[in-house]
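# Secondary and tertiary structure notes
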Amino acid sequence: NTVLNVLPYSNDIVIARLSGQTVLDALEFGCRNMPVKSGGFPQVSGMEFTVDTTAESSVQSDENENFVGVSGTRRVLDVLIDGKPLNPERMYTIATTSFLIGGGDGYKMFADHAEVIGTMQKVDNILFADYIEKNLSGTIPPSYRQGTRIHEIQQ
């Protein structure tokens, strides 16, 4: 029941290929409101990055709050994937929800530039519950709450 409070929509998990530039745009868009909390904030694994919250966000959105582009200084810096600097020209493979890959929460860069190459057999909340049960003996340990993936430069 707790898992359904976190993931209530039963989205498919999709595997997609996209450029490093698309990853950068998604991170920039997702961090545009920091330090204010946002439901569309990017949850990441296998990567880390820094957000300079002293810089104004230069993300441009349309009237429906969909990503259009970045018009100036980027706030997201020093992106590492598996410990290596992200290359905007390289293609990467990600796993995300069908909601986000379809442009949900304004992540239009995914709808426009990602190529779906597969779908998991289970939806997000079932996959997550199975992981907690099989890999964590039914309890998320405190160490999982202490993330070091996202660093923030503050005033």
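Notes on the structure in this doc start here.

Parameters at a glance
- Residues numbered from 1 in each chain as written.
- Predicted model: local features only at pLDDT ≥ 70, side-chain atom pairs only at ≥ 80, totals over all residues.
- Heavy atoms only, no water.
- 1 Å grid on protein atoms, 1.4 Å probe; cavity = no way out; pocket = protein on both sides within 12 Å on 5 of 7 lines; lining within 4 Å.
- Points joined across faces, edges and corners; volume = space filled by probe spheres on them.
- Helix = DSSP H or I, 4+ residues; strand = E, 2+ residues; numbered from the N terminus.
- Nonpolar A, V, L, I, M, F, W, Y, C, P; charged D, E, K, R; others polar.
- Pairing = 2+ DSSP bridges.
- Axes fitted to C-alpha atoms, helices over the stretch in contact; angles between N-to-C directions.
- Contact = heavy atoms within 4.5 Å.
- Salt bridge = Lys/Arg side-chain N within 4 Å of Asp/Glu carboxyl O.
- Buried < 20%, exposed > 50% of the residue type's maximum accessible area, 1.4 Å probe, protein only.

Another point: the layout of surface pockets. Quantified by volume, the largest pocket comes out at close to 2,300 Å³. For the lining of the largest pocket, the secondary-structure elements that each account for two or more residues are helix 1 (2-6), helix 2 (20-30), strand 7 (91-97), helix 3 (98-101) and helix 5 (124-136). A per-class count over the lining of the largest pocket returns 29 nonpolar, 13 polar and seven charged. There is about 150 Å³ of room inside the second largest pocket. Within the lining of the second largest pocket, the residues separate by chemical class into five nonpolar, two polar and one charged.

This part is about the sheet that holds strand 8 (residues 115-123). An order of 7-1-8 is seen for the three strands of this open sheet, with the pairing classed as antiparallel. Across the chains shown, the open sheet's two edge strands, defined by having one partner strand only, are strand 7 and strand 8. Each strand axis lies, on average, 25 degrees off the axis of its neighbour in the sheet, ignoring direction. In this sheet, strand 7 lies alongside strand 1 (residues 12-19) in antiparallel orientation, the contact comprising seven bridges. Considered in strand 7, the bridge of Ser19 is made with Met91. Against the sheet, helix 2 engages strand 1 and strand 7, with an angle of about 115 degrees to strand 1.

With that settled, the discussion passes to the pattern of salt bridges. In the structure shown here, the tally under the stated rule is three salt bridges. Asp25 is the salt-bridge partner of Arg74, the closest N and O atoms lying 2.7 Å from each other. A residue pair is termed long-range when its members are at least 10 positions apart, and Arg74 in the loop between strand 4 (67-70) and strand 5 (76-81) and Asp25 in helix 2 qualify at 49 residues. In this structure, Asp112 and Lys108 form a salt bridge, with 3.0 Å as the shortest nitrogen-oxygen distance. Placement of both Asp112 and Lys108 in helix 4 (residues 108-113) is noted, with a separation of four residues, approximately one turn of the helix. Looking at Asp112, the relative accessible area reads 45%, which means it is partly exposed. According to the relative accessible area criterion, Lys108 is partly exposed, its value standing at 33%.

Any functional reading would require information that these geometric values do not contain.
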